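Read off the chains here:
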Amino acid sequence: MAATINDVARVAGVSISTVSYALSGKRPIGEKTRQRIEAAIAELGYTPNAGARALAGRRTYILAVTEPVRPDTHTPAHMAFVLATANAARAYDYDVLLLTQDESLGGLQRVTTRRTVDGIIVLDVLAEDERAELVRSMGVPAALVGVPDNTEGLACVDLDFAAAAELAVDRLANAGHRVIGLLGHPESVYERGSNFTVRFRDAFLAHAQRRGVEARFAMPERTIPSVRSAMEHVLGPDRDLTGLVMHGEDTIQMRALDILREEGLTVPGDVSVISAGSTFDTSTFTPPLDTIPLIPEQSCSRAVELTIAQITGEAEPRVELIPPTYVERGSTAPHR
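Note that the coordinates shown come from a computational prediction; the quantities given were computed from them, not determined experimentally. (Residues numbered from 1 in each chain as written. Predicted model: local features only at pLDDT ≥ 70, side-chain atom pairs only at ≥ 80, totals over all residues. Heavy atoms only, no water.)

**Topic: the overall build of the chain**
Put simply, the rule reads: Secondary structure is summarised from DSSP: a helix means a run of H or I of at least four residues, a strand means a run of E of at least two, and numbering begins at the N terminus for each. Only protein chains enter the accessibility calculation, which uses a 1.4 Å probe; a residue is then buried when its area is under 20% of its type maximum, exposed when over 50%, and partly exposed in between. Should any heavy atoms of two residues lie within 4.5 Å, those residues are counted as being in contact. Note on areas: these come from Shrake-Rupley sampling with a 1.4 Å probe, and a residue is covered only by the protein chains present in the view.
Within the chain, the regular secondary structure consists of 13 helices and 11 strands. Taken along the three principal axes of its C-alpha coordinates, the chain extends 70 × 40 × 35 Å. Across the 336 residues that make up the chain, the buried fraction comes to 52%. A separation threshold of at least 6 residues defines the contact pool for the chain, and within that pool the share at least 24 residues apart is 73%. Carbon and sulfur atoms make up 51% of the accessible area of the chain, which amounts to about 14,600 Å² in all.

Take a look at the structure:
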């Protein structure tokens, strides 16, 4: 397998951006650093591909970021990913051009055919995403923050939502909870095929079955009556629910906690609660919640890195899943 710019950076002990600067001449590089990079290139036999060499003299230093704006879009979470992408791009001296839903396909075709941008970052990926098909067909440097059903020829990076769901189930099952619930996103998010919500839901329900745990699932809208109805379902008529995983917006999760208090149920005394795939700070909740966080900087910085690697050198299509982590804040306890 041919050496890549990632390999050069690893052997030279520098960042990919530093190797990029050394190859392009866009920034001055210290002599000792340059010598290490040149030695690594010689050792590995690294040669930038023809497309990268051609681009080196006429890059725009702009990345297109396609982030759909839909009626049910939760703006704070989505903008966190846009900001994380912009910050990661700045580390490579790149700016970003934001494309919204109205111009998602037409805009991508326009900016790539006119060479307005050097690469594309695709956010909020669907299981069957037209943007992924466009990126694949055009062969433009790109990375997806998310995993569509067909990943052939694509660079994708995301939190391992299936592993996150299994981690949540195991946490509750290992503590003796036999009836658990999943409070998810609004139904429209699942219907359109949002990849991360479907992956989490399916893994949660399948793993609960493997663990011999009864699992209940509800999809509340953002209104208080809808959250109340969803909580009625997961709590059950006998109020036998003892473990709850919430994979949704912060406002929905806070309303669910309010309803538990109205029911006279304590956390974690009566119900152990975990917030999963959260981009927000659950330490400010009442009570603070254990969380399996979704950190935009992790996936977005890696997506930018993969895109820059395609622009400046060799990069193999790949799917990278970030292992989930568990942060304890005292909202789970053994089943009494």
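**Side note on helix α11 (residues 224–235)**
Using the following cut-off: Multiplying one less than the number of residues by 1.5 Å gives the expected span of a helix.
Taking 1.5 Å as the rise per residue, α11 with 12 residues should run 16 Å; its terminal C-alpha atoms sit 16 Å apart, in good agreement. Glycine 236 occupies a position one or two residues after α11 and carries a positive phi of about 85°.

**Structural notes on the side chain of histidine 185**
Convention followed: Think of a polar contact as two N or O atoms within 3.5 Å of one another; within protein, one of them needs to be a possible hydrogen donor and the other a possible acceptor, and neighboring residues in sequence only count if both atoms come from side chains.
With respect to the secondary-structure elements, histidine 185 resides in the loop between β6 (179–183) and α9 (187–191). According to the relative accessible area criterion, histidine 185 is buried, its value standing at 11%. At 3.2 Å, the side chain of histidine 185 and the backbone oxygen of histidine 247 are in polar contact. The contact partners of histidine 185, leaving out residues within four places of it in the chain, are Tyr190, Phe196, Thr197, Met219, Pro220, His247 and Gly248.

**A word on the environment of threonine 284**
In this fold, threonine 284 is placed in the loop between β9 (272–278) and β10 (290–293). Sequence separation of threonine 284 and valine 267 is 17 residues, and the distance between their C-alpha atoms is 15 Å. Only 3.1 Å separates the side chain of threonine 284 from the backbone oxygen of aspartate 281, close enough to count as a polar contact.

**So, the packing of helix α1 (residues 5–12) against helix α3 (residues 31–44)**
Convention followed: Fitted lines through C-alpha atoms serve as axes, helices being fitted only where they are in contact, and the angles separating the N-to-C directions of these axes extend from 0 to 180 degrees. Should an angle fall under 35 degrees it is called roughly parallel, over 145 degrees roughly antiparallel, and 65 to 115 degrees roughly perpendicular, with every other angle called oblique. In this scheme, a crossing is called left-handed if the near helix is turned counterclockwise away from the far one by less than a right angle; it is called right-handed if the turn is clockwise. Charged residues are taken to be Asp, Glu, Lys and Arg, nonpolar residues to be Ala, Val, Leu, Ile, Met, Phe, Trp, Tyr, Cys and Pro, and polar residues to be all remaining types, Gly included.
Packing of α1 against α3 leaves a shortest axis separation of 8 Å and a crossing angle of 125°. Judged by the angle between their axes, α1 and α3 are oblique. By crossing handedness, the relation of α1 to α3 is classed as right-handed. From α1, Asp7, Val8, Val11 and Ala12 reach across to α3, where they touch Arg36, Ile37, Ala40, Ile41, Glu43 and Leu44. Considered class by class, the residues forming the contact of α1 with α3 number 7 nonpolar, no polar and 3 charged.

**A few points about helix α10 (residues 195–210)**
Here α10 is 16 residues long and its end C-alpha atoms lie 22 Å apart, about the 22 Å a rise of 1.5 Å per residue gives. Every buried residue of α10 is accounted for by Asn195, Thr197, Arg199, Phe200, Arg201, Ala203, Phe204, His207 and Ala208. Immediately beyond the C-terminal end of α10, within one or two residues, lies glycine 212, with a positive phi of roughly 70°.

**With respect to the pattern of salt bridges**
Just so we agree on the cut-off: Throughout this description, the term salt bridge denotes a Lys or Arg side-chain nitrogen within 4 Å of a carboxyl oxygen of Asp or Glu.
Under the definition given, this model contains 23 salt bridges. We note a salt bridge from arginine 10 to aspartate 7, for which the minimum N-O separation is 3.5 Å. Pair noted here: arginine 10 and aspartate 7 are both in helix α1, with a separation of 3 residues, about one helical turn. Arginine 10 sits in the exposed class, given a relative accessible area of 58%. We classify aspartate 7 as partly exposed; its relative accessible area is 22%. Of the charged contacts in the structure, one is a salt bridge between arginine 171 and aspartate 290, with a shortest N-O distance of 3.9 Å. Taken as a pair, arginine 171 in helix α8 (residues 161–174) and aspartate 290 in strand β10 lie far apart in primary sequence, 119 residues in all. Arginine 171 gets classed as partly exposed once you look at its relative accessible area, which sits at 28%. Shared partners join several salt bridges into a network, and the residues in it are Arg302, Glu305, Arg318 and Glu320.

**Structural notes on empty space enclosed by the protein**
Just so we agree on the cut-off: Of the two site types, the cavity is a set of points on a 1 Å grid over the protein atoms alone where a 1.4 Å probe fits but cannot get out, and the pocket is an open set with protein on both sides within 12 Å along at least five of seven lines, each lined by residues with an atom within 4 Å of a point. Grid points are joined across faces, edges and corners, and a volume is the space filled by probe spheres set on the points.
Enumeration over the complete set of coordinates arrives at 2 cavities of 30 Å³ or more. As for the largest cavity, its lining consists of 27 residues, and the residues nearest its centre are Ala77, His78, Phe81, Phe196 and Leu294. Of all the secondary-structure elements, those providing two or more residues to the lining of the largest cavity are α5 (75–90), α10 and β9. Looking at the lining of the largest cavity element by element, the count peaks at 3 residues for α5. When the residues that make up the lining of the largest cavity are grouped by side-chain class, the tally is 10 nonpolar, 11 polar and 6 charged.

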